[in-house]
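Residue strings, one per chain:
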Amino acid sequence: MDGNPFTDGEIARRLDAVRAGLVDRGLDAAVFASPENVFYLTGLDHWGYFAPHLLIVPLQGKPTLVTRAMERVTIENHVRAADFRGHSDSETAADLASRILNDQGFAGKRLGLEQWTSGLSHGLARRLESLVSAEWNDVSNLVDHLRLVKSAEEQVLMRRAAAVTDAAASAAIEMIADGARERDVAAECIAAMTRAGGHVPGFGPFIRPASRLGEEHTTWGSGSYRQGEPVFIELSGCISRYHAPLGRLIRLGGISDADARMAEVTAAAFNAVVGALRPSARARDVYAAWQAVVDDAGLSHYRRHHCGYCVGVGQPPSWTGGNTVTGLRHDSDLEIRTGMSFHILSWLMGTGKGDDFVSNTVLLTEAGPEVLTRTPLGPIVR
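Everything numeric in this text was worked out from a predicted model, so none of it was measured.

A. Quick look at the side chain of Arg208. Topologically, Arg208 is positioned in strand β7 (residues 206–209). An unpaired buried charge is present at Arg208: no salt bridge exists, and Glu216, the closest side chain of opposite charge, is 4.9 Å distant. A polar contact of 2.9 Å, which involves the side chain of Arg208, links it to the backbone oxygen of Arg212. A distance of 2.9 Å separates the side chain of Arg208 from the backbone oxygen of Glu215, its partner in a polar contact. Once you skip the residues sitting within four places of it in the chain, Arg208 turns out to touch Leu213, Glu215, Glu216, Thr218, Thr219, Tyr225, Val231 and Phe232.

Structure below.
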């Protein structure tokens, strides 16, 4: 990796925003455990997040990052805005974090703790709370909410990630052919991603035949692609943990008239979503724009759980930004704001009147929506 991707000013701005959120909640400090949020507040980009990382953020003074002692060199190279305290493998991050909190006088205070994250196990949270006698409060979504709007520095990383995505998609599409082995297509895709300067993505790439389309998060297997069976691809390049996914349906040998007509609908519905992305709109309004195109095409029976979701920072095993998905749903009151970025999906599969799927990453800028991934919509026939 290339070290911390953020300027000191960027990290300071984020910490200031977090502290303002703590003040609003009447808290004296908080402990953040989400890998995505620890990265966001420190710039620490490594593979050590399989073990707990606890970032203690007080209202005044430097934050303290607690994780395994063996990570010292990486953290000292990457992290400038937090002090490092490493624990041995004979104790837990909660043991050391509790001593720090008690030593800093936070016993009896009002403290925050991220409780809805895969980065904090139930046992570790219980241990921390048992060792620090304080009034604990859930601060889940505090940092997640801040991450929804991308700064200028983040937008640069998103655009770079999109360029990697397009390079990887182009390589995969070029390799997909009658008789091509699934593993060979995946190998070329990952090689192109790496050569384009990409880092290891949160998950994927998902490349599989349509016979396994319903397996939402499985990828290539040991088989070969065959003429007449479409190939599904959904993948994302990654730059410093920022992702810009896209998806396409690749057809081998030709396309039916029904599928060609459906491709026109998916493109129109995608464009309707892009047009609906404007400041102060609600997520439900954006979904309604997608559904209106679908309904007008005679598919009023067809509904989706969302037409896209927020995307940006992603740690393995996801590019969605954590273990939840902030979707553009029919029932969501999420306010659309300038600086948000979305993986927009126009999915019309199993309609009974033809099948197609396209998706792209879209960034809402001051000038309006910007489609970051530029691989042609298609239909793509090989």
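From this point on, the discussion continues.
B. Focus on the layout of surface pockets. In this structure, the largest pocket encloses a volume near 820 Å³. Residue assignment for the lining of the largest pocket shows that the elements contributing at least two residues are α2 (35–42) and α6 (142–147). Each residue belonging to the lining of the largest pocket can be placed in one class, and the counts come to 16 nonpolar, 19 polar and eight charged. The computed volume of the second largest pocket comes to approximately 330 Å³. Lining the second largest pocket are 18 residues, with Glu216, His217, Glu234, His306 and Tyr309 positioned closest to its centre.

C. Highlighting the UniProt feature "domain: Peptidase M24" (unreviewed entry) in the chain. In the numbering used here, UniProt assigns the feature "domain: Peptidase M24" (unreviewed entry) to residues 157–366. What you have in residues 157–366 is 32% helix and 21% strand, and the ends, taken at the C-alpha atoms, are 17 Å apart.

D. The arrangement of the pairing of strand β4 (residues 83–87) in detail. The pairing of strand β3 (residues 64–68) with β4 spans five bridges and is classified as parallel. When the sheet's bridge partners are listed, Thr67 is paired in β4 with Gly86. As a crossover connection, the stretch from β3 through helix α3 (residues 72–78) into β4 is right-handed.

E. Geometry of helix α1 (residues 8–24). Counted at 1.5 Å a residue, the expected span for α1 with its 17 residues is 24 Å, and the 24 Å between its end C-alpha atoms agrees. What α1 keeps buried is the set Glu10, Ile11, Arg14, Leu15, Val18, Arg19, Gly21 and Leu22. In this structure, the buried residues of α1 make contact with β1 (29–32), α2, β2 (54–58), α6, α7 (152–175) and β9 (242–251).

F. Structural context of helix α10 (residues 283–296). With 14 residues, α10 should reach 20 Å at 1.5 Å per residue; the first-to-last C-alpha distance of 20 Å fits that figure. For α10, every residue scored as buried is listed here: Ala283, Val286, Tyr287, Ala289, Trp290, Gln291 and Val294. Where α10 is buried, its residues touch α9 (257–276) and β11 (341–348).

G. View of the pairing of strand β5 (residues 110–113). Bridge count for β1 against β5 is three bridges, and the pairing is parallel. Bridging from a neighbouring strand, Val31 pairs with Leu113 of β5. Once the chain exits β5 it traverses helix α5 (residues 122–131) before rejoining the sheet at strand β6 (residues 135–138), and the crossover so formed is right-handed.

H. Main features of the sheet that holds β6. The sheet built from six strands is open, its strands ordered β4-β3-β2-β1-β5-β6 with mixed pairing. Pairing within the sheet leaves two strands with one partner each, and these edge strands are β4 and β6. Neighbour-to-neighbour, the strand axes of the sheet open up by a mean angle of 25°, direction not taken into account. The sheet strands contacting helix α4 (residues 93–103) are β1, β2, β3, β4 and β6, and the helix crosses β2 at an angle near 15°. On the sheet, α5 packs against β1, β2, β5 and β6 and is oriented at approximately 170° with respect to β5.

I. Quick look at the packing of α9 against α10. Taken N-terminus to C-terminus, the directions of α9 and α10 make an angle of 155°; their axes are 8 Å apart at the nearest point. In terms of axis orientation, α9 runs roughly antiparallel to α10. Seen from above, α9 lies across α10 with right-handed handedness. For the pair α9 and α10, contact is made by Val265, Ala268, Ala269, Ala272, Val273 and Ala276 and by Val286, Ala289, Trp290 and Val293, respectively. Looking at the contact of α9 with α10 residue by residue, the classes come out as ten nonpolar, no polar and no charged.

J. Fine view of the environment of Arg99. Structurally, Arg99 can be placed in helix α4. On the accessibility criterion, Arg99 (38% relative accessible area) is partly exposed. Along the primary structure Arg99 and Leu128 are separated by 29 residues, whereas in three dimensions their C-alpha atoms are 9.7 Å apart.

K. Expanded view of the nonpolar core. Core analysis: the biggest nonpolar cluster contains 95 residues, and Phe32, Ile233 and Trp290 have the highest contact counts within it. In contact with Phe32, other than residues within four places in its own chain, are Val18, Val38, Leu41, His53, Leu54, Leu55, Val57, Glu114, Val139 and Val143. Formed by 21 residues, the second largest nonpolar core is a distinct cluster that contains Leu54, Ala94, Leu120 and Ala125.

Here is what the cut-offs are and how they apply
Residues numbered from 1 in each chain as written. Predicted model: local features only at pLDDT ≥ 70, side-chain atom pairs only at ≥ 80, totals over all residues. Heavy atoms only, no water. Helix = DSSP H or I, 4+ residues; strand = E, 2+ residues; numbered from the N terminus. Buried < 20%, exposed > 50% of the residue type's maximum accessible area, 1.4 Å probe, protein only. Lys, Arg positive; Asp, Glu negative; His and termini not counted. Salt bridge = Lys/Arg side-chain N within 4 Å of Asp/Glu carboxyl O. Polar contact = N/O pair within 3.5 Å; in protein donor to acceptor, adjacent residues only side chain to side chain. Contact = heavy atoms within 4.5 Å. 1 Å grid on protein atoms, 1.4 Å probe; cavity = no way out; pocket = protein on both sides within 12 Å on 5 of 7 lines; lining within 4 Å. Points joined across faces, edges and corners; volume = space filled by probe spheres on them. Nonpolar A, V, L, I, M, F, W, Y, C, P; charged D, E, K, R; others polar. UniProt positions renumbered as here; feature names shortened; annotations may be inferred. Pairing = 2+ DSSP bridges. Right-handed = clockwise from strand over helix to strand, strands pointing away. Expected span 1.5 Å × (residues − 1). Axes fitted to C-alpha atoms, helices over the stretch in contact; angles between N-to-C directions. Parallel < 35°, antiparallel > 145°, perpendicular 65-115°, else oblique. Left-handed = near helix turned anticlockwise from the far one by under 90°. Core = buried A, V, L, I, M, F, W, Y, C linked by side-chain atoms within 4.5 Å.

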